[in-house]
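Spelled out from the first residue to the last, the chains are:
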Amino acid sequence: GLLDAFALEIDAIRTQASFLYEQLTAATVQLDFRLQTKRNVLILIDMRFGLAMMWMAMGVCVASTIGMNLHPGIRAVSPEPKTLRNFDNWEWLQITVGTTLGMCLGLGLMNAGLHWSGWFH
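Since the structure is predicted, the reported quantities are computational estimates derived from the model, not experimental observations.

### Points about the overall build of the chain
If you tally the helices and strands in the chain, you get two helices and zero strands. Relative to its 121 residues, the chain shows a buried fraction of 10%. In the chain, once contacts between residues fewer than 6 apart in sequence are set aside, the share between residues at least 24 apart is 52%. Carbon together with sulfur atoms contributes 70% to the accessible area of the chain, which is approximately 10000 Å² in total.

### Some details on the environment of N40
Looking at where N40 falls in the secondary structure, it is placed in helix α1 (residues 2-67). Judged by relative accessible area, which is 37%, N40 ranks as partly exposed. For N40, the side chain forms a polar contact with the side chain of R39, separated by 3.2 Å.

### Some details on the side chain of T99
Tracing the backbone shows T99 in helix α2 (residues 91-116). The contacts of T99, once residues within four sequence positions are left out, are G59, V62 and A63.

### Some words on the environment of G106
In this fold, G106 is placed in helix α2. Of the residues examined, G106 reaches a relative accessible area of 5% and is grouped as buried. Taking the C-alpha atoms as reference points, G106 and M56, 50 residues apart in sequence, are found 9.4 Å from one another.

Each value, and the rule that gives it
Residues numbered from 1 in each chain as written. Predicted model: local features only at pLDDT ≥ 70, side-chain atom pairs only at ≥ 80, totals over all residues. Heavy atoms only, no water. Helix = DSSP H or I, 4+ residues; strand = E, 2+ residues; numbered from the N terminus. Buried < 20%, exposed > 50% of the residue type's maximum accessible area, 1.4 Å probe, protein only. Contact = heavy atoms within 4.5 Å. Areas by Shrake-Rupley, 256 points an atom, 1.4 Å probe, with all protein chains shown as cover. Polar contact = N/O pair within 3.5 Å; in protein donor to acceptor, adjacent residues only side chain to side chain.

Remember that the coordinates give geometry; whether it matters functionally is a separate question.
See the structure below:
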């Protein structure tokens, strides 16, 4: 009678606790999966940012190396005001534009390659 009723009640509580434990375990696994997914997204963003900084650093390195040896072409002593017409040498502009375009092209190709490789799907 009474002991059987208590045994059934204890068994029901044990079954319910086991069910709650399984639910908690499943929720923990799901939370871990979500956290790992977010971590992977952050790693990929960090990688993309690092590669972009690498391209920019290469562009700055090229521009600074070449730019140290260029003269802008502005006459030191000129009775006329210094305007764009006083520039004799446009090499500096060609190198600046070329370096900038090369850097942008490299960044674009890198992003396209990463996108098409399937890393960012």
